[in-house]
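The residues making up each chain are set out below.
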Amino acid sequence: MEVVTNNNFFDENEIDFKLIKESIINFKLWEISNQQIEYVCRLGSGSLCRVYKGRLNKKPIAIKVFSPIRLEEFKTEFLMMQSLRSSPFLISFYGVSIVEEPQKQCYCIITEFCSRDSLYHIMTDKTIELGWNRFFQFSMQIILGLQSLHNRKPKPIVHRDVTSLNILVNEDWECKISNFSASRFNCLNTEYINSNNHNKSFAFCSPESSDFQDNDDDDDDYDNNNNNNFLSLSSSSSSSSSSSSSSSSPPLTSKSDIYSFGIIMFELISRIINGEYSHPFSEFKEIKNDFQLMLSSKNGLRPSLPNLCPQPIEKLYKLCVDQSPLNRPSCEEVIMSLNQIRSFYLIPQTKKSWDKLVLKK
Ligand SMILES: Nc1ncnc2c1ncn2[C@@H]1O[C@H](COP(=O)(O)OP(=O)(O)OP(=O)(O)O)[C@@H](O)[C@H]1O
C-alpha cells in the first residue's frame, strides 16, 4: 500500500479528535456535555460561526458553533473568554462543548443569551424609540465594559473589534460586549486587513490600524506613556495567528477601542437626532470600498454628527475619534465626561431643549 507522506494531505478517518480536544488548554475544565444542551432555534450567523439559542438547565443560552476549519478562532475566543473578569457589561461565559457529527466535530462557545440581539439591530429597528436617556445608558454600559477589559489585572485586554454588532443587548436593555474571536492582540496585520471576515468593521477601525511600518521604538514610548501592558497572544497562546510578530504591528492599545467607541457614539447620536440609522461614513459617496475608507480615516475624515448635536456630546465624540491615540480619553475620562454631560442634560431647561432635538415617529 502506498504511504502518503505529504503533511498537507490527510485522511479524515484518521483525524484524532481526542488529541485535538486535549491540545486545547482548559477544555476539560470548561466542558459542558452536549447532552445537557437543548437546541431551540437558530439566531444568526457570523463570518466564523452559526449561533443558536438553546437551554442549559432550563436557562436560555447562546451556542456559537465554529466549523472545524475555524479551530484557531475558536481557541482564541475560548482563551479570551476564560480570562475575562466578571462584569455586568461583558457577555457571560458558561463553557464550551462539542457537537459530534460523523467525521466532523464542531466546537461551541456557550454564553448568556441576549434577547434583543445587537445594538446595531436595535438602532436599525425603526419601531424602537431612542432618546438621550438611552444614549447615556448605552454609552455608559459600553464604556464600563471596555473599562473592565482595559483594567484587567495582571494583563489588560484590548478588544479590537468594538462595533455595534458586537454589543449585544439583553431583555433588561443592558449592553454586553461580545465576540472576542477578533480580539487577536496582533490583529491588524495584513492578514486582518485583507480578510473578508471582518469587512463590516472597517468603519470602526482606528486610523493607526492601517500602519504597517516597523515602529518598535514608538511602541515602547507609546506603552510607557499609557502605562500599558496589554496581554499579547504572541506570548499567551499557541495560535498560528500570533506567529506574525508584534514587531511589525502598529501600536494598537486601548485607545483603538476608544476610537471604535466614538464611532458607536456617532451611530447613536445620528439615530437619535435623525430618527433613522446611518452607517458611519455612508455620507461620503466617493468612498466605494474598505481600502478607501481606511485611507480616508487615516487622512482625518470622520463621520459628521448632525448639525443639531448638543455641543458637550459633540466635544466628547471628537475627542474619542481624535487622530492621535494619545489625545483620546481613557475609559475613566469618558465615564467622568458622560456623568457630567448627563447631569447637565438633567437640568430641566437643558432637558427640554435637548429633547426637542429627538426625532419622534
Ligand atoms: N449571546 C447571544 N445572544 C443573542 N444573539 C447572539 C448572541 N451571540 C451571537 N448572537 C447573534 O449571532 C450573530 C453572530 O454572532 P457573532 O458576532 O458572535 O459571530 P461572528 O462570526 O464572530 O461575527 P463576525 O462576523 O463579526 O466575526 C450576532 O450578530 C447576533 O445576532
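Read on for an overview of the structure. (Residues numbered from 1 in each chain as written. Predicted model: local features only at pLDDT ≥ 70, side-chain atom pairs only at ≥ 80, totals over all residues. Heavy atoms only, no water.)

A word on the overall build of the protein chain
- The helix and strand tally for the protein chain stands at 13 helices and seven strands.
- Taken across its 361 residues, the protein chain has 51% of its residues classed as buried.
- Look at the contacts in the protein chain between residues 6 or more apart in sequence, and 70% of them connect residues 24 or more apart. (Helix = DSSP H or I, 4+ residues; strand = E, 2+ residues; numbered from the N terminus. Buried < 20%, exposed > 50% of the residue type's maximum accessible area, 1.4 Å probe, protein only. Contact = heavy atoms within 4.5 Å.)

Observations regarding the site of the ligand
- Near the ligand there are 20 residues, and of these Ser-47, Leu-48, Lys-64, Glu-112 and Asp-117 occur at the shortest range.
- A distance of 2.6 Å is found between an oxygen atom of the ligand and a side-chain nitrogen or oxygen belonging to Asp-117.
- Taking 620 Å² as the accessible area of the ligand by itself, protein coverage stands at 92%.
- According to the grid-proximity analysis, the pocket containing the ligand is the largest pocket. (Near = heavy atom within 4 Å. Polar contact = N/O pair within 3.5 Å; in protein donor to acceptor, adjacent residues only side chain to side chain. Areas by Shrake-Rupley, 256 points an atom, 1.4 Å probe, with all protein chains shown as cover. 1 Å grid on protein atoms, 1.4 Å probe; cavity = no way out; pocket = protein on both sides within 12 Å on 5 of 7 lines; lining within 4 Å. Sits in = over half its atoms within 2 Å of the grid points.)

Observations regarding helix α10 (residues 290-298)
- Of the residues making up α10, those classed as buried are Leu-293, Met-294, Ser-296 and Ser-297. Viewed end-on, α10 has its buried residues packed into an arc of 165°, placing them on one side of the element.
- Sitting at the head of α10, Asn-289 places a side-chain oxygen 3.2 Å from the backbone nitrogen of Phe-291.
- The positive-phi residue at the C-terminal boundary of α10 is Gly-300, with phi of around 100°. (Arc of directions from axis to C-beta.)

Some details on the layout of surface pockets
- Estimated volume of the largest pocket: approximately 770 Å³.
- Lining the largest pocket we find 34 residues, and of these Val-51, Leu-165, Asn-166, Leu-168 and Ser-178 sit closest to its centre.
- Its residues assigned to classes, the lining of the largest pocket comprises 12 nonpolar, 16 polar and six charged. (Points joined across faces, edges and corners; volume = space filled by probe spheres on them. Nonpolar A, V, L, I, M, F, W, Y, C, P; charged D, E, K, R; others polar.)

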